[in-house]
Structures are given as C-alpha cells and as structure tokens.
Amino acid sequence: MRYLHLPSGAPMPVLGLGTWHMGEAGSRGADVVNALRLGIDLGMTLIDTAEMYGEGGAEEVVAKAVAGRRQEIFLVSKVYPHNATRKGVVAACERSLKRLGTDHLDLYLLHWIGDVPFEETLAGFAELQRAGKIRSHGVSNFDAEEIARWYRSPDGNSVATNQVLYNLARRGIEFDLLPWCRKHKIPVMAYSPIDQGSLLSKRALKQLAARRGVTPAQVALAWVLHQQGVVAIPKAVRPEHVRENRAALDLALTPEELRELDRAFPPPKSAKPLEML
Ligand SMILES: NC(=O)c1ccc[n+]([C@@H]2O[C@H](COP(=O)([O-])OP(=O)(O)OC[C@H]3O[C@@H](n4cnc5c(N)ncnc54)[C@H](OP(=O)(O)O)[C@@H]3O)[C@@H](O)[C@H]2O)c1
C-alpha cells in the first residue's frame, strides 16, 4: 500500500473501502462483511463510513469486519450536519464509537455543511480530540471558498482532509479546490471514484482498458490514484471487484494514456460549483 500523510504527519492509505449502502435493510450482511475483510487482507485498510449510512447499520457492519484487527485500520466516520453542534458532535461520535466497537476514530468528518456555525463544530471536534476519541478531524463536500472559511475559523487550520466527489467525469475540483488543498497540504479523499459505476460504459475507458488488459473500473481508479494528494475510497461488495480495485493501485498509466483520458474527459477551464451526491 502507498500512504499519504495528514498535516499531523499520520499516514493514511491512498486506497480504501467505501461503505455507503452497507448495513441497510436488504443489503447482503455476510457478503458485505466478507468484502470488507477481503479488502483489509489486500491492504486497503482505510475504511470510510458515516452515521448516515444505513442509519448506523454500516458502522455495525464495519465493527464485524474489523473485530480483532482494529489496530491495522485507518477508520473514518462522519457526523450529520444536524448533529454537528458542540455537544451534538460529541454525542454523535460516542454513538458511532459504540456501534463501531472501538474507542477512537482516526478521522472524523463533518458530512456536509448545515446550519451549525463552524466554530461550534470545531469546538466539539477539539473536545473529542482532547479526550482521545478522534485522532484528526476534517470536512466533506466543502467547496474552495467554504474550506478556506473553515480554515480561517478558530482551530480550523487543523483540517485533515476534505472528502469530495471526484472522478474522471467530475473534474471540477481541479480548477480551484484541489490546488487549494495541495497548497495547504491537505489530502483530498475522492468519493465515488468510479462514479457509482456510470463511468464503466464510457468508450474511451473501455478502449484503453482493453488495450491494457484491465477493466474500465481499474483505469478509472488508477487515474484517481495518479492525482497528487488524492486518496480513493471505492465501494465494492463483489469479491472480484474488491480484488480488481486493489490491483488498480499497481496500474501505471503512461503520460500518453493520461493525455488520452484528458481528451475524453477534459479538465475544467473555469470554476464550477462543487458537485455532490
Ligand atoms: N462524503 C460523501 O458525501 C460521500 C458520498 C458518496 C460516497 N461516499 C463514500 O465513498 C464511497 C464510494 O462511493 P460510492 O459507493 O458512491 O461509488 P463508487 O465507489 O464509485 O461505486 C460503487 C459501485 O461500483 C461498483 N464497483 C466497485 N468496484 C467495481 C469494479 N472493479 N468493477 C465494476 N464495478 C465496481 C460497486 O458494485 P458492488 O458493490 O456490487 O461490488 C458499486 O455498485 C461510498 O461507499 C462512501 O463510503 C461519500
């Protein structure tokens, strides 16, 4: 596995495991736990979850997958904006820790911007950090101007990551947000790196994948992993998908292949509002 470093110096794997829709009614319980265990065995030890996913169900699935091997895992969860008051964020984190069967998170994120002033959420994060319940904290779905405002808030400059929608079909962040994060040495965590599967039918990806003897998903993921300062968290339940995703880390795209992808999926020429799911 390759690692990026948080501003604190803590290492974070560049490739992890998403958990959205896991632990929901009707999701395949044992398959999901096995998929996460397989991913961990293959070195994808960053696990991204949230109190929102399955209303706590995903965190319970993660607890089963990491049981007995918590120390290997870089565990990320997220707080709902409506829980992100000073007291609310502490209580939400404690509920998440209980469901996850652990005493700390490696990274705790505000899932998206709500009505609570940044100062309040940051005060709650600081309290959690002092208590050893979270190692680092950050944000998700923050656009360039928003993360700059967060950064200027008291203790906001300790923001450890911004988790945003980023893949070949959604390159808007390259215009301003990604350069801002790079300048401040804040890793970006790319969610939906294969655009929830919708990238897989794109002709340019299929052609390049066929030439290299890999799958379109692997090319899409490899492209994200070629971006400096970016971590990817694909979600996969099917074991062949988990294995393919791990192998994408070893897929080196050539400069010509990267140019080919730029022609098919052009980078932004102007600022665009941040896309989110
Ligand atoms: N912060 C936020 O607001 C936010 C928003 C969205 C997502 N996220 C996080 O990011 C994670 C990933 O995003 P996502 O789940 O939206 O989308 P994604 O990872 O881009 O795509 C997931 C879909 O792609 C399929 N897939 C995975 N690997 C594949 C492969 N190698 N070949 C073909 N299909 C493959 C999966 O199928 P199977 O499951 O059947 O294998 C699943 O249907 C989430 O799970 C969540 O943890 C965060």
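Residues take numbers from 1 onward in each chain, read along the sequence in its written order. Since the coordinates come from a predicted model, pLDDT governs what is reported: local features require at least 70, and pairs of side-chain atoms require 80 or more to be given and counted, while whole-chain, interface and lining totals use all residues. In computing side-chain values, all of the structure's heavy atoms are included and hydrogens and water are not.

Draft legend 1. Quick look at the pairing of strand β9 (residues 188-191). Across the two faces of β9 the burial is the same, with Val-188 and Ala-190 and Met-189 and Tyr-191 all buried. Strand pairing is assigned whenever DSSP identifies at least 2 bridges connecting the two strands. The helix and strand labels rest on DSSP assignments: H or I over at least four residues marks a helix, E over at least two residues marks a strand, and numbering proceeds from the N terminus. By the bridge criterion, 4 bridges tie strand β8 (residues 162-165) to β9 in an arrangement that is parallel. Its bridge partner lying in β9, Asn-162 is registered against Val-188. The parallel pair β8 and β9, bridged by helix α6 (residues 177-183), forms a crossover whose chirality is right-handed. Summarising the sheet, β9 and strand β10 (residues 230-232) pair through 3 bridges and their orientation is parallel. Within β10, the position partnered with Ala-190 by the bridge is Ala-232. Summary of the burial criterion: residues with accessible area below 20% of their type's maximum are buried, those above 50% are exposed, and those between are partly exposed, where the area comes from a 1.4 Å probe applied to protein chains only. Handedness of a crossover is defined as follows: with both strands directed away from the viewer, a clockwise route from the first strand across the helix to the second makes it right-handed.

Draft legend 2. Looking closely at the layout of surface pockets. In this structure, the largest pocket spans a volume of roughly 680 Å³. Throughout, the protein atoms alone are placed on a 1 Å grid, and a set of points is a cavity if a 1.4 Å probe fits but cannot get out or a pocket if it is open with protein on both sides within 12 Å along at least five of seven lines; lining residues have an atom within 4 Å of a point. Trp-20, Ser-192, Gln-196, Pro-234 and Lys-235 are the residues nearest the centre of the largest pocket, which is lined by 34 residues in total. Put simply, the parts of the chain that give the lining of the largest pocket at least two residues each are α8 (216-225) and α9 (239-248). It is α9 that provides the largest number of residues to the lining of the largest pocket, a total of 3 residues. Grid points are joined across faces, edges and corners, and a volume is the space filled by probe spheres set on the points. Taken as a whole, the second largest pocket spans an internal volume of roughly 160 Å³. Taken together, 14 residues make up the lining of the second largest pocket; nearest its centre are Ala-10, Pro-11, Ile-73, Phe-74 and Asp-106. Taken together, the elements giving at least two residues each to the lining of the second largest pocket come down to β2 (11-13) and β7 (134-140). For the lining of the second largest pocket, the residue count by class is 7 nonpolar, 4 polar and 3 charged. Any residue outside Ala, Val, Leu, Ile, Met, Phe, Trp, Tyr, Cys, Pro, Asp, Glu, Lys and Arg is labelled polar, Gly included; the first ten of those are nonpolar and the last four are charged.

Draft legend 3. Local environment of the pattern of salt bridges. Each salt bridge in this description consists of a side-chain nitrogen of Lys or Arg and a carboxyl oxygen of Asp or Glu lying within 4 Å of one another. Scanning the model with the defined rule gives 18 salt bridges in all. Linking Glu-174 and Arg-171 is a salt bridge whose minimum nitrogen-to-oxygen distance equals 2.7 Å. For Arg-171, a relative accessible area of 7% gives the class buried. Linking Glu-256 and Arg-263 is a salt bridge whose minimum nitrogen-to-oxygen distance equals 3.1 Å. One salt-bridge network, in which partners are shared between bridges, spans Asp-41, Arg-69 and Glu-72.

Draft legend 4. Representation of helix α10 (residues 255-264). Taken as a whole, α10 has its buried residues at Glu-257, Glu-260 and Leu-261. The buried residues of α10 occupy an angular sector of 95° when projected down its axis, which confines them to one face. In α10, the exposed residues that point more than 90 degrees away from the buried face are Pro-255 and Arg-263. Looking at the packing, one finds that the buried side of α10 touches α7 (203-212) and α8. Our arc is simply the arc of the directions from the helix axis toward the C-beta atoms. For this analysis, residues touch if any pair of their heavy atoms sits within 4.5 Å.

Draft legend 5. Up close: the packing of aromatic side chains. Here is the rule: rings of Phe, Tyr and Trp (six-membered ring for Trp) pair when centre to centre is within 6.5 Å. Planes less than 30 degrees apart are stacked, more than 60 are edge-to-face, and the remainder are tilted. One pass over the full model with this rule turns up 9 aromatic pairs. Both rings, one in Tyr-166 and one in Trp-223, keep their centres 5.4 Å apart while their planes meet at 55°; by these two values the pair is tilted. On the criterion of sequence distance, the pair formed by Tyr-166 in the loop between β8 and α6 and Trp-223 in helix α8 is long-range, its members being 57 residues apart. Among the residues examined, Tyr-166 registers a relative accessible area of 0% and is labelled buried. Put simply, the rings of Tyr-108, Phe-118, Phe-125, Phe-142 and Trp-150 touch in pairs and so form one group of aromatic residues.

Draft legend 6. Spotlight on the pairing of β8. Pairing analysis gives 2 bridges linking β7 to β8, with the strands arranged parallel. Paired with Val-139 across the strands is Asn-162, a residue of β8.

Bear in mind that shape data such as this cannot, by itself, settle questions of function.
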